[in-house]
Amino acid sequence: MSLHIVQAGPLTTLQDLGRTGYLRYGINQAGVMDAVAAAAVWRLLGHAPGETPLIEIPLGGLSVSVDNPTTVAVTSPGFRVSLDGEACGASARLTLQPNQVLDIKPGPNGRFAYFGAHADWSVAPVLGAYATHLRSGVGPHGPLSAGDRFELRPHAPLAERRSLPPLDHGAPELRVLPGPQLDYFPDEAVARFYSQTWTVGPASDRMATSLVGDALTHRGSHDILSDGIAFGAVQVPGSGQPFVLMADRGTTGGYPKIATVISVDLPRVAQARTGDTLRFVPCSLDEAAHLRTAQAAALADWLRTPGALDGTRLLSANLISGVVSATRTP
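The numbers attached to residues start from 1 for each chain and follow its sequence in the written order. Predicted model: local features are reported for residues with pLDDT of at least 70 only, side-chain atom pairs are reported and counted for 80 or more only, and whole-chain, interface and lining totals are derived from all residues. Note that water and hydrogens are dropped before the side-chain values are worked out from all heavy atoms of the structure.

One closed barrel holds the seven strands; their spatial order is E14-E21-E18-E19-E16-E15-E22, and the pairing between them is mixed. Averaged over all pairs of adjacent strands, the angle between their axes in this sheet comes to 40 degrees, without regard to strand direction. Pairing of strand E18 (residues 233-235) with strand E21 (residues 257-261) involves three bridges; the strand directions are antiparallel. Within the sheet, the bridge partner assigned to Ala 233 lies in E21 and is Thr 260. One bridge is not enough; two strands pair if DSSP finds at least two bridges between them. Secondary structure elements are taken from DSSP: a helix is a run of H or I of four residues or more, a strand is a run of E of two residues or more, and numbering for both begins at the N terminus. Think of each axis as a best-fit line through the C-alpha atoms, taken over the contacting stretch in the case of a helix, with angles from 0 to 180 degrees between the N-to-C directions.

As structure tokens, this is what we get:
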């Protein structure tokens, strides 16, 4: 069977958790920007995280159809999802029938949505991953566009249709670990980093989220000997305007890093749009580890949320009928 891309906005890509073990060779990790939303899709489909490709959907949106019944799932914080024009939950699992069109369009907030199918995809991993790195072109497929088709081998359909409440990524405070080049910044710059509210700038993409605010100063040079870059590292170039390094970041960088956003809060950065505001608060390594465990438990609780009542499914069930009296038969 085939999955048909009816419409895809610019920079819509196939992603998974990214390729690991290749940074030392200068090959970028790539992978999903919002690992929590992506994990929810895999879990809704009964897949292990990263087991199958997902389509990462930026603000241009996505429309898809299939030529055989296929169980699919979507998580779309802030997006609007509809099936043949009828609204679905922002996070849902459903059976997509032939000639139906599933539309995933931007809503009032959020930057990325995720779509997956309960099937094996006819795409081969590149260096062990389905992830697409846009700047280098490394990956099994370039940016998606209308007319693209993917051959799928569906798994057994999942019977239950589920509509779940939107994923809640919480408040805009980002917890960070200090450094590793904290000593490159005077005390007043560190205090300013934590005290002010930063605005997400327009120069934000899969490589980095730019921040605009009162400039941070350096003790001396704003250059360092290039070293490895973690997902969430907060670099401060000579302009004094920080940026948070994201999934398509470079493998190394030569600007000092004032902090690193903990993994639990990276989805908040990923889903922030231009003009949104963010703040930083310090965090300990022990607290970060505890929060990671709590986040996994919260995702499991969210997935156990009872699905919304589905009227179409209810009316198609084999319900009893014909009772006219509680004491005698007709």
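Now for unusual backbone geometry. Cis geometry is found at the peptide bond from Gly 179 to Pro 180, where omega equals 20 degrees. Following the sequence through the fold, Pro 180 ends up in the loop between strand E14 (173-178) and helix H2 (187-195). Unusually for a residue other than glycine, Ala 30 sits at a positive phi of about 55 degrees. By secondary structure assignment, the location of Ala 30 is in the loop between strand E2 (13-15) and helix H1 (35-44). Despite not being glycine, Leu 127 shows a phi value in the positive range, around 50 degrees. Structurally, Leu 127 is set in the loop between strand E11 (119-121) and strand E12 (149-154). Each residue gets one of three labels from its accessible area relative to the maximum for its type: buried under 20%, exposed over 50%, partly exposed in between, using a 1.4 Å probe on protein chains only. The exposure class of Leu 127 is partly exposed, given its relative accessible area of 37%.

Looking at where Arg 273 falls in the secondary structure, it is placed in the loop between helix H3 (266-270) and strand E22 (277-282). In this count, Lys and Arg are taken as positive residues and Asp and Glu as negative ones, while His and the chain termini are left out. Note on definitions: salt bridges are taken to be side-chain nitrogens of Lys or Arg within 4 Å of carboxyl oxygens of Asp or Glu. Buried and unpaired, Arg 273 has Asp 276 as its nearest opposite-charge partner, separated by 6.1 Å. Here, two residues are considered to be in contact whenever any of their heavy atoms come within 4.5 Å of each other. Residues contacting Arg 273, with those up to four places away along its chain left out, are Leu 59, Pro 106, Gly 107, Pro 108, Asn 109, Gly 110, Arg 111 and Val 200.

Contact geometry of H1 with helix H4 (residues 285-303) gives a least axis separation of 11 Å together with a crossing angle of 45 degrees. Classed by the angle they form, the pair H1 and H4 counts as oblique. Of the two elements, H1 crosses H4, and the hand of that crossing is right-handed. In this structure, H1 contributes Val 36, Ala 39, Ala 40, Arg 43 and Leu 44 to the contact, and H4 contributes Gln 295, Leu 299, Ala 300, Trp 302 and Leu 303. An angle counts as roughly parallel when it lies under 35 degrees, as roughly antiparallel when it exceeds 145, as roughly perpendicular when it falls between 65 and 115, and as oblique in every other case. Handedness of a helix crossing follows the sense of rotation of the near helix relative to the far helix, less than a right angle counterclockwise being left-handed and clockwise being right-handed.

Summarising burial for H1: eight of the 10 residues are buried, a large majority. The backbone nitrogen of Val 36 has a side-chain oxygen 3.1 Å away, supplied by the residue at the start of H1, namely Asp 34. Following H1 by one or two positions, Gly 46 adopts a phi angle in the positive range, close to 75 degrees. By the criterion applied in these results, polar contacts are pairs of N or O atoms within 3.5 Å in which, for protein atoms, one can donate a hydrogen and the other can accept it, and in which residues neighboring in sequence qualify only through two side-chain atoms.

Here we take up the pairing of strand E5 (residues 70-75). Across the six residues of E5, six count as buried, placing the element largely inside the fold. Residue alternation in E5 divides its side chains into two sets, Thr 70, Val 72 and Val 74 and Thr 71, Ala 73 and Thr 75, and both sets are buried. For E5 and strand E10 (residues 113-117), the ladder comprises four bridges, and the chain directions are antiparallel. Residue Thr 75 lies in a different strand from E10, and its bridge partner there is Tyr 114.

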